[in-house]
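Geometric and topological summary
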Amino acid sequence: MITIVDYGLGNLGSVVNMLKRIGVDSQITDKPEVILEAEKILLPGVGAFDHAMTQINNRGLLPALSKKALEDKVPFLGICLGMQLLTKSSEEGILPGLGFIDAVTTKFRFEDKTLKVPHMGWNIIELQNPSPLTKGMDEEEYRFYFVHSYYVTCSDQKDSLAKTPYGVNFDSIIQHGNVFGAQFHPEKSHRFGMKLFSNFASL
């Protein structure tokens, strides 16, 4: 059972539907007491960093999320904005992030005007370090659907599972222990997204 965190920002229905397609049970909750019982946690998200952190704080979810990630060490996956929330901070706002992974979130800045912001559309991943989350992704070129104006850089590159080229080679899949992040939208990435979710469900 994967517990999907509802803090008011995120494409929750699409995530549930894709999990259902691969035979994985899930539940959506905005209740700390349900999160505290979770076996695996999925933190989705679209929108602005500070607004998301404000919602998490206002709903009283931060203590439960921190306990599950840092003390209970259950598998914990942040996707899209949810991955950026795992970092210490973002140039998009002034509030601290969850800080579960030693990383920062930076705005794309390009002198090359042919590179549009946001980075939107399909792009490849380049595997860096092996992980159960990316198992089998070296068998062909994996492509995922991205929509973001900010990118993550891990302080320790051992935490980078994959990079994606877009003006810079940014960290597109990350992991520190039991905490994972994916910058793209797995739920919009067809069979490639299903593979990532299947791997997460198998952890």
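Residues numbered from 1 in each chain as written. Predicted model: local features only at pLDDT ≥ 70, side-chain atom pairs only at ≥ 80, totals over all residues. Heavy atoms only, no water.

Per an unreviewed UniProt entry, the protein goes by Imidazole glycerol phosphate synthase subunit HisH and derives from Algoriphagus lacus. According to its UniProt record, the protein has this under Pathway (unreviewed entry): "Amino-acid biosynthesis; L-histidine biosynthesis; L-histidine from 5-phospho-alpha-D-ribose 1-diphosphate: step 5/9." (UniProt positions renumbered as here; feature names shortened; annotations may be inferred.)

**Some thoughts on the overall build of the protein**
The number of helices and strands found in the protein is six helices and 13 strands. Radius of gyration (C-alpha) of the protein: 16 Å, near the 17 Å computed for a compact globule of 203 residues. Across its three principal directions, the C-alpha atoms of the protein cover 50 × 40 × 30 Å. The buried share of the protein, reckoned over its 203 residues, is 52%. The contacts of the protein with a sequence gap of at least 6 include a subset with a gap of at least 24, amounting to 71%. Counting every atom, the protein has about 9,000 Å² of accessible surface; 50% of that belongs to carbon and sulfur. (Helix = DSSP H or I, 4+ residues; strand = E, 2+ residues; numbered from the N terminus. Rg over C-alpha atoms; globule rule 2.2 N^0.38 Å. Buried < 20%, exposed > 50% of the residue type's maximum accessible area, 1.4 Å probe, protein only. Contact = heavy atoms within 4.5 Å. Areas by Shrake-Rupley, 256 points an atom, 1.4 Å probe, with all protein chains shown as cover.)

**Looking at the pairing of strand β6 (residues 103-107)**
A regular strand carries its side chains on alternate faces of the sheet. Pairing between strand β5 (residues 89-90) and β6: two bridges, direction parallel. Bridge assignment links Ser89 to a residue of β6, and that residue is Val104. Relative to strand β10 (residues 150-154), β6 runs antiparallel, the two sharing five bridges. Paired with Ala103 across the two strands is Cys154, which belongs to β10. (Pairing = 2+ DSSP bridges.)

**Regarding the nonpolar core**
Ranked by size, the top nonpolar core spans 33 residues in total, and within it Leu42 and Leu77 carry the most contacts. If you list the elements that add at least two residues to this core, you get β1 (2-5), α1 (12-21), β4 (76-79), β9 (143-148), β11 (160-166), β12 (168-176), β13 (179-182) and α6 (190-201). Non-local contacts of Leu42, meaning those with residues more than four positions away in its chain, are made with Ile2, Thr3, Ile4, Val5, Val15, Leu19, Leu77, Ile79 and Phe197. In terms of nonpolar packing, the next biggest core, distinct from the first, is built from 29 residues, Val5, Ala52, Val74 and Leu86 among them. (Core = buried A, V, L, I, M, F, W, Y, C linked by side-chain atoms within 4.5 Å.)

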